[in-house]
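# Fold and geometry: a report
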Amino acid sequence: MRLIQFNKNGRRGVARIENANAIVVPLADRVIDLANAALADRRGLAAEVTARGDGETLDYAALLKDGAVLSPVDHPDPTHCLVAGTGLTHLGSADTRDKMHQKVAGAIEDLTDSMKMFRMGLEGGKPKGGKPGVQPEWFYKGDGSIVAKPGAALDFPSFALDGGEEPEVAGIYLNDMQGKPWRLGFAIGNEYSDHVTERQNYLYLAHSKLRACAIGPELLLGDLPDSVEGESRIWRDGKLLWKKPFVSGERNMSHTIANLEYHHFKYKQFRRPGDLHIHFFGTATLSVGDGIVTQPGDLFEIEAPVFGAPLRNALGAKPNDDFPLGGVGSL
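What counts and how
Residues numbered from 1 in each chain as written. Predicted model: local features only at pLDDT ≥ 70, side-chain atom pairs only at ≥ 80, totals over all residues. Heavy atoms only, no water. Pairing = 2+ DSSP bridges. Helix = DSSP H or I, 4+ residues; strand = E, 2+ residues; numbered from the N terminus. Axes fitted to C-alpha atoms, helices over the stretch in contact; angles between N-to-C directions. Salt bridge = Lys/Arg side-chain N within 4 Å of Asp/Glu carboxyl O. Buried < 20%, exposed > 50% of the residue type's maximum accessible area, 1.4 Å probe, protein only. Contact = heavy atoms within 4.5 Å.

Let us now look at the sheet that holds strand 16 (residues 311-314). Pairing in this open sheet of 4 strands is antiparallel, and the strands run 13-12-15-16 from one edge to the other. Unpaired on one side and paired on the other, strand 13 (239-248) and strand 16 mark the two borders of the sheet. Going across the sheet, the axis of each strand differs from the next one's by a mean of 15°, ignoring polarity. Of the strand pairs in this sheet, strand 12 (residues 228-236) and strand 13 are connected by 9 bridges, and their pairing is antiparallel. Along strand 13, the bridge assignment pairs glutamate 229 with valine 247.

Given below as structure tokens:
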């Protein structure tokens, strides 16, 4: 089952996608409303949707064209949505990163920090015996206010040196009132980072990730397929500039989903009751690795058939809103 959220003529709603139709779920403004009801009813999210029956049928393509499709999950208070992710989790993903962080001095047998982290994942990211494996690279992106809806432009800050796509699968989670996290499903996403800033120094990774992102348009309920196959594209002035296939899912990863989830939610502050989490799982495919330099107006298109419709977001224009040195007031 795949769900969307929409806002049509000022009316919010949730719908399940069936063929080319969006079938409205009655009495639901948000997916987390359905999730909280499912927790109260002690049943799964898909079962909660099914139990409510079918509302009216909407033209899904028309909703997308009209910009009425929202991110497939959100929180009414964006400060209670945490967006974070993991890196160096996919087989082959270290290659692009290692080129960005290659050491220029030292013994040839030395490994960069990227390669060390990647090797740790290969050796211990899929533990056996019910014990936690090695922890992955982890990064923070922001709260719910940085999530752009499908079709919306991705903010390109005035201080940014690059705005590059990252096609990734994101896990979506909601903490219940006792602080236990529950996975609602998965969505395709564009994690979008500043790779030029990151390339300057690996310790700038944290800065490079403080950017917008997008997920959706659909939320896939249930387990993530063992292998996810898709394609990432960049369009410029209506012409295809770049494209490349990408893969995800545990068959193509050096970590299990369960291990990545454990190392995120082991921190008590991430188990605050009622909070929503969007957690990106990493990628092995970046246009920057092929020498692509993006520019405002470029359209990112990320598609994986298992997630339904493709995710499209343009790179926005740089605003003239530099925060000035000395701009912090003193009380």
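Note the cis peptide between glycine 216 and proline 217, where omega equals 10°. Topologically, proline 217 is positioned in the loop between strand 10 (213-215) and strand 11 (219-220). Even without being glycine, arginine 42 reaches a positive phi, approximately 55°. In this structure, leucine 88 is a non-glycine residue whose phi angle is positive, near 55°. As for its placement among the helices and strands, leucine 88 is situated in the loop between strand 5 (81-87) and helix 4 (93-100).

Before going further, it helps to examine the pattern of salt bridges. Side chains that differ in charge, positive against negative, can pair when their charged atoms come close. One pass over the structure, following the stated rule, counts 22 salt bridges. Residue glutamate 48 pairs with arginine 52 through a salt bridge whose shortest N-O separation is 3.1 Å. Exposure remark for glutamate 48: the relative accessible area of 3% places this residue in the buried category. Judged by relative accessible area, which is 27%, arginine 52 ranks as partly exposed. Here glutamate 166 makes a salt bridge to lysine 209, at a shortest N to O gap of 3.3 Å. Of this pair, glutamate 166 sits in the loop between strand 7 (147-148) and strand 8 (167-175) while lysine 209 sits in the loop between helix 7 (205-208) and strand 10; the two residues are 43 residues apart in sequence, bridging distant segments of the chain. The two residues glutamate 166 and lysine 209 agree in class, both being buried. One salt-bridge network, in which partners are shared between bridges, spans Glu231, Arg233, Glu301, Glu303 and Arg312.

The buried fraction of strand 14 (residues 276-280) is high, at 5 of 5 residues. Both faces of strand 14 are covered, namely the face carrying Leu276, Ile278 and Phe280 and the face carrying His277 and His279. With 5 bridges joining them, strand 5 and strand 14 adopt parallel strand pairing. Bridged to valine 83 within strand 14 is isoleucine 278. Inspection of the sheet shows strand 8 paired to strand 14 by 5 bridges, in the antiparallel sense. Each bridged residue has a counterpart across the sheet, and for alanine 170 the counterpart in strand 14 is phenylalanine 280.

As a further point, take the environment of glutamine 295. Examined against the element boundaries, glutamine 295 turns out to sit in the loop between strand 14 and strand 15 (299-303). Each C-alpha atom, one on glutamine 295 and one on threonine 79, is 30 Å from the other, the two residues being 216 residues apart in sequence. Not counting residues up to four positions away in its chain, the partners in contact with glutamine 295 are Arg236 and Leu315.

The values are spatial; any link to function lies outside them.
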